[in-house]
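Letter by letter, the chains look like this.
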Amino acid sequence: LSFLTHAFKKNASADDSALPFLISAELGDALQSDGRLRAARDAFAGAMALPDTWGTESRLRTELAELYRRRFDLWLRVGDLSCQLGDHAVALEAYERASATPALDQGAALPRRAFAAMRAGRPAQAAILVLDSIDRADGRFEDRHAELVAYLSRSPSLAPTLSLVLDDVRSTLATRLT
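A brief report on the enclosed structure follows. (Residues numbered from 1 in each chain as written. Predicted model: local features only at pLDDT ≥ 70, side-chain atom pairs only at ≥ 80, totals over all residues. Heavy atoms only, no water.)

1. Some points on the overall build of the protein
In step 1: When you go through the protein residue by residue, the secondary structure sums to 10 helices and zero strands.
In step 2: Taken across its 178 residues, the protein has 38% of its residues classed as buried.
In step 3: Taking contacts inside the protein between residues at least 6 apart in sequence as the whole, the part at least 24 apart equals 53%.
In step 4: Here the protein has roughly 10100 Å² of accessible surface; of this, 54% comes from carbon and sulfur atoms. (Helix = DSSP H or I, 4+ residues; strand = E, 2+ residues; numbered from the N terminus. Buried < 20%, exposed > 50% of the residue type's maximum accessible area, 1.4 Å probe, protein only. Contact = heavy atoms within 4.5 Å. Areas by Shrake-Rupley, 256 points an atom, 1.4 Å probe, with all protein chains shown as cover.)

What follows is the structure in structure tokens.
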């Protein structure tokens, strides 16, 4: 931890412009292992300040490519740490950024997004996220959708609306099956 902190303070970008991002990600891992959640979250967020594409030469191409591949997971970690800290609006933003990042299972961010939206006091946004996901899946109702709808339906403000929407989904599916 002290080595990473020293490297970060040393103005690592003078050696290679990719180094501060790489050090931030490693520092985040070390800080999280040490139980320093807020500092870990901030370090991961610093690592995720990467540009969408890398425009300059770097000796650390392999490490930089790996960091680009890890962006989805790191945004999820920023969100998870934010939830642990009770910063649900920050978590929601991190999960939104994760969902906009290429990944093998884009849907993995959906339950986290819905939970963070609910905890941030935005139940309508949570419902829209889930219903939009069902719509984009061509009406395929996956296990994660069922669990999320059950979770959202426990909210008194959402239960009546979700009931109507689910009736519509059921009738659409019945029509497709006949």
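Next comes the rest of the account.
2. Quick word on the packing of helix α3 (residues 37-47) against helix α5 (residues 71-84)
In step 1: Where α3 meets α5, the closest approach of the two axes is 9 Å, and the angle between their N-to-C directions is 155°. With respect to α5, the element α3 is oriented roughly antiparallel. With respect to the hand of their crossing, α3 and α5 are arranged in left-handed fashion. Listed contacts from α5 to L37, A40, R41, F44 and A45 of α3 are L74, R77, V78, L81, S82 and Q84.
In step 2: Residues of the contact of α3 with α5, tallied by class, amount to seven nonpolar, two polar and two charged. (Axes fitted to C-alpha atoms, helices over the stretch in contact; angles between N-to-C directions. Parallel < 35°, antiparallel > 145°, perpendicular 65-115°, else oblique. Left-handed = near helix turned anticlockwise from the far one by under 90°. Nonpolar A, V, L, I, M, F, W, Y, C, P; charged D, E, K, R; others polar.)

3. Regarding the nonpolar core
In step 1: Grouped together as the largest cluster of nonpolar side chains are 45 residues, with contacts concentrated most on M48, L50, L67, V130 and L152.
In step 2: Examining the composition of this core, we find that seven residues originate from one element, α5, more than from any other.
In step 3: Ignoring any residue separated from it by four or fewer positions in sequence, one finds L50 in contact with F21, L64, L67, Y68 and R71. (Core = buried A, V, L, I, M, F, W, Y, C linked by side-chain atoms within 4.5 Å.)

4. Focus: the packing of helix α2 (residues 19-33) against α3
In step 1: At a minimum axis distance of 7 Å, the contact between α2 and α3 shows a crossing angle of 160°. Classed by the angle they form, the pair α2 and α3 counts as roughly antiparallel. In this structure, α2 meets α3 at a crossing whose hand is left-handed. On the side of α2, the interface is formed by F21, S24, A25, L27, G28, D29, L31 and Q32, while α3 contributes A39, A40, A43, F44, G46 and A47.
In step 2: Taken together, the residues of the contact of α2 with α3 sort by class into nine nonpolar, four polar and one charged.

5. A closer look at the environment of R97
In step 1: Considering the arrangement of structural elements, one finds R97 in helix α6 (residues 88-99).
In step 2: With a relative accessible area of 39%, R97 lands in the partly exposed category.
In step 3: Taking the C-alpha atoms as reference points, R97 and G79, separated by 18 residues in sequence, lie 9.5 Å from one another.

6. A look at the pattern of salt bridges
In step 1: Scanning the model with the defined rule gives 13 salt bridges in all.
In step 2: R41 is the salt-bridge partner of D42, the closest N and O atoms lying 3.5 Å from each other.
In step 3: Looking at R41, the relative accessible area reads 9%, which means it is buried.
In step 4: The structure contains a network of salt bridges with shared partners spanning R38, R41, D42 and D87. (Salt bridge = Lys/Arg side-chain N within 4 Å of Asp/Glu carboxyl O.)

7. Some details on α3
In step 1: Every buried residue of α3 is listed here: A40, R41, A43, F44 and A47. Projected down its long axis, α3 shows its buried positions confined to an angular sector of 165°, all on one face. (Arc of directions from axis to C-beta.)

8. Some details on the packing of aromatic side chains
In step 1: Enumeration over the complete set of coordinates arrives at two aromatic pairs.
In step 2: Ring geometry for F115 versus Y151: centroids 6.3 Å apart, planes at 35°, classification tilted. Separated by 36 residues along the polypeptide, F115 in helix α7 (residues 110-119) and Y151 in helix α9 (residues 143-153) bring together distant segments of the chain.
In step 3: Overall, F115 belongs to the partly exposed group, its relative accessible area being 34%.
In step 4: For Y151, a relative accessible area of 23% translates into the label partly exposed. (Phe/Tyr/Trp six-rings, centres within 6.5 Å; stacked < 30°, edge-to-face > 60°.)

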